[in-house]
Amino acid sequence: MFFKKNARNGNASTLTILQQFKQSNDFLTFENKIGTVSYFISYYKSLIDVEVLHRDILPYITESTLKNLEALSLAIPSENKIISNDIQEISSLVLTGAILIYLEKDEPKQFLLIQAQKNEARQISAPEVEFSVIGPKEAFVESMDTNINLIRKRVPSPNLQVTNLQVGKISKTQVAVLHIDGIANKENVNTVIQRIGDLEFDQIIDSSYLTQMIADNHHSPFPVLLDTERPDRAAAVLAEGKVVIVVDGSPHTLIGPTTLIEYFSAFEDYFLNPHIASAFRLIRVFSVAFSLLMTSIYVAILTHHFELLPKDLMSTLVSSRTLVPFPPFLEALVLELVIELLREAGARLPTKVGQTIGIVGGIVIGTASVEAGLTSNVLLIIIALSALASFTTPVYQMGNTIRLLRFPFLLFAHVWGLVGIVLCFSFFLTHLLRLTSLGRPYLEPIYPPRVADLKDSFIRMAFVRQSKRPIVAQTENIERFSQDKAFKNKDIDE
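The model shown is predicted, which means the values in this text are computed figures rather than measured ones. Residue positions are given per chain, counted from 1 along the sequence in the order it is written. Thresholds applied to this predicted model are a pLDDT of at least 70 for local features of residues and 80 or more for the giving and counting of side-chain atom pairs; totals over whole chains, interfaces and linings are not thresholded and use all residues. Heavy atoms throughout the structure, all of them, feed into the side-chain values; hydrogens and water do not.

Q: Any details on the sheet that holds strand β2 (residues 37-44)? Residues and values, ideally.
A: With antiparallel pairing, 5 strands are arranged side by side in an open sheet as β1-β2-β4-β5-β3. Strands at the two margins of the open sheet, each flanked by one partner only, are β1 (27-34) and β3 (81-84). Looking at each pair of strands side by side, their axes are set apart by 20° on average, direction ignored. Any two strands with at least two DSSP bridges between them are considered paired. In this text, helices come from DSSP runs of H or I with a minimum length of four residues, and strands from runs of E with a minimum of two, each type numbered from the N-terminal end. Alignment of β1 against β2, held across 8 bridges, turns out to be antiparallel. The partner of Phe27 across the bridge, within β2, is Tyr44. Contacts are assigned to residue pairs that have any heavy atoms within 4.5 Å of one another. To get an axis, a line is fitted to the C-alpha atoms, and for a helix only the part in contact is used. The angle between two axes follows their N-to-C directions and goes from 0 to 180 degrees. Packing against the sheet, helix α3 (residues 50-57) makes contact with β2, β4 (98-102) and β5 (111-115), and its axis sits at approximately 45° to β4. Contacting β1, β2, β3, β4 and β5, helix α5 (residues 87-94) runs over the sheet at an angle of about 30° to β5.

Structure representation (structure tokens):
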């Protein structure tokens, strides 16, 4: 090793790193002497569990065990211990909660490092973003080990493989890539590992950093890695042959490859009757289309195509806009911005205050704007319904995308009318056709058309009909179970 090749330089570097540690007030060094042997214990008090030091280390330091570090290491009953003289390894372990023990003050050649990290973690609670009435009530927390434990409890298979990586020059964040060997496509797994390993960034705080950095298209407004806080969802997609990314310090895990349809599927759908779940999915798809297009259609018709309106409806719209001094585009744009302001204010304020701001603010501003003649009551209803429809998206990141896309549709509708809406839709459709998730088509099973994957897309068919894993993941083993054997059950009506 480095110390054996150049002991003088190695010792000098070791003393340098110790001096660097000591510049921080929370780094402590204690010198003790037993008989004729002096030993030193150093650690960051903010990182270690002091109880481990007093219970598992100090009672075993005696004159007989201080002959050398090997004897001391054998005496201390701890699994996570190592004798090292590598500077990088020493620095990494001490900064993650290891206790440093050495025997020679002037020229220490080796160090015993014992892991005694203080684990401060939030208790497991119910999901907040992906809450469901039916199903498990456990959500991921900020501890990576706890999150992996929640997944392993649901996938008790030796084929569940975990690959640990470290990213961030400053944060040194631990990242785990999970897949089931024999099911997941090795190319998907290697793509994730390679992209994370190639990252050059100083600090990774949350899984959302990785979402932006390892995405296939960094400029796309659409999320291509699904973010979930539910361990049951992560376990389910692992069985489908997908890859799960767990980031230490983040209560959300990432799933890939994904498709656009998955962002409109709540995991609660799998706990419901397939007919009911399918109806809910179709409602969400309709709601998203309504949220995207309804305001734009209103602007397009009133600006360019008013002749399309029936006479009865025309009279209603004319009377509602009699006192409005603004064109439909400006009127709609102002109301859309007001809705976004209310939504942001409600999200950033404390929960109780935020709810009050959203409800009272919406009622007061809406009523006042109509009475003042600044907007029509018809448009106010459309904007409110569009905002409400956007909340039906079960994945938060996709909900943000839908909020953003309403504005370009609004602009195109103002300039070119219904033709502009078609042009804008064509632009985003072209983008979606080219978009990929870990190299897999994002718009599958619509394009490329794959009938087999339609069984769990816009509608959810019964589990007995889903005998094959999704084609999009290109799994090594596509068979989930034998459909013929399932239909032999006398209780199943084929």
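Q: Outline the packing of aromatic side chains, listing residues and values.
A: Here the aromatic set is Phe, Tyr and Trp, taking the six-membered ring for Trp, and pairing holds for ring centres within 6.5 Å; pairs whose planes are under 30 degrees apart are stacked, those over 60 apart are edge-to-face, and all others are tilted. Inspection of every chain in the model, using the stated rule, returns 15 aromatic pairs. Measuring from ring centre to ring centre gives 5.5 Å for Phe412 and Trp416, while their planes differ by 55°; the resulting arrangement is tilted. Taken together, the positions of Phe412 and Trp416, both in helix α15 (residues 396-416) and 4 residues apart, correspond to about one turn of that helix. Members of the aromatic cluster, joined through ring pairs, are Phe267, Tyr270, Phe271 and Phe463. Above the ring of Phe463, the side-chain terminus of Arg460 is found at 4.6 Å from the ring centroid. Think of it as a cone above the ring: NZ of Lys or CZ of Arg counts as a charge over the ring if it is within 6 Å of the ring centre and within 35 degrees of the ring normal.

Q: Break down the side chain of Glu229 for me, with residues and values.
A: Its location among the elements puts Glu229 in the loop between β8 (226-228) and α9 (231-239). The buried label applies to any residue whose accessible area, calculated with a 1.4 Å probe on protein chains only, is under 20% of its type's maximum; exposed applies above 50%, and partly exposed to all values in between. Neither His nor the chain ends is counted toward charge; the positive residues are Lys and Arg and the negative residues Asp and Glu. By definition, a salt bridge exists where a carboxyl oxygen of Asp or Glu is found within 4 Å of a side-chain nitrogen of Lys or Arg. Of the side chains bearing the opposite charge, Arg122 lies closest to the buried Glu229, which forms no salt bridge; the N-O distance is 6.7 Å. A polar contact is formed between the side chain of Glu229 and the backbone nitrogen of Glu128, at a distance of 3.0 Å. Those residues in contact with Glu229 that lie beyond four places of it in its chain are Pro127, Glu128, Val129, Glu130, Glu138, Ala139, Phe140, Pro251 and His252. We define a polar contact as two N or O atoms separated by no more than 3.5 Å, with the added condition that, inside protein, one atom must be a possible hydrogen donor and the other a possible acceptor, whereas residues neighbouring each other in sequence contribute only through side-chain atom pairs.

Q: Tell me about the layout of surface pockets, and name the residues and values.
A: In this structure, the second largest pocket spans a volume of roughly 1000 Å³. Cavity and pocket criteria rest on a 1 Å grid covering protein atoms alone: a 1.4 Å probe that fits but cannot get out defines a cavity, protein on both sides within 12 Å along at least 5 of 7 lines defines an open pocket, and an atom within 4 Å of a point defines a lining residue. In terms of lining, the second largest pocket is formed by 28 residues, of which the most central are Thr96, Gln117, Asn119, Gln174 and Asp248. Elements that contribute at least two residues to the lining of the second largest pocket include exactly α6 (144-154), β6 (160-167) and β7 (173-180). Per-element tally for the lining of the second largest pocket: the top contributor is α6, with 3 residues. Residues are grouped as follows: Ala, Val, Leu, Ile, Met, Phe, Trp, Tyr, Cys and Pro are nonpolar; Asp, Glu, Lys and Arg are charged; every other residue, Gly included, is polar. Of the residues that constitute the lining of the second largest pocket, the class distribution is 6 nonpolar, 15 polar and 7 charged. Grid points are joined across faces, edges and corners, and a volume is the space filled by probe spheres set on the points.

Q: Outline the pairing of β2, supporting the account with residue identities and numerical values.
A: Of all 8 residues in β2, 6 are buried, a share of seventy percent or more. Judged from the 3 bridges that link them, β2 and β4 form a sheet pairing that is antiparallel. Within β4, the position partnered with Phe40 by the bridge is Tyr102.

Q: For the side chain of Asp269, give the residues involved together with the corresponding values.
A: Position of Asp269 relative to the elements: it lies in the loop between β10 (253-256) and α10 (274-303). Not counting residues up to four positions away in its chain, the partners in contact with Asp269 are Ala277, Arg281, Arg284 and Arg460.

Q: Before we move on, could you go through a nonpolar patch on the surface and cite the residues and values that matter?
A: Exposure above 30% relative accessible area and no salt bridge define the residues that can form patches, which grow by joining like charges within 9 Å and nonpolar side chains of Val, Leu, Ile, Met, Phe, Trp and Tyr within 5 Å. Here the Shrake-Rupley method, with its probe set to 1.4 Å, supplies the accessible areas, and only the displayed protein chains count as covering residues. Together, Leu411, Val415, Trp416, Val419 and Leu423 make up an exposed nonpolar region whose accessible area comes to about 470 Å². Mapping Val415 onto the fold places it in helix α15.

Q: Mind laying out the packing of helix α12 (residues 328-348) against α15, listing which residues take part and the relevant values?
A: Two elements in contact, α12 and α15, have axes separated by 10 Å at closest approach and are oriented at 175°. Taken as axis vectors, α12 and α15 run roughly antiparallel relative to one another. Of α15, the residues touching α12 (which contributes Phe329, Ala332, Leu333, Glu336, Leu337, Glu340, Arg343 and Glu344) are Arg403, Arg406, Phe407, Leu410, Leu411 and His414. The labels follow the angle: roughly parallel below 35 degrees, roughly antiparallel above 145, roughly perpendicular from 65 to 115, and oblique for the rest.

Note that all results are geometric; they support no functional claim without further evidence.
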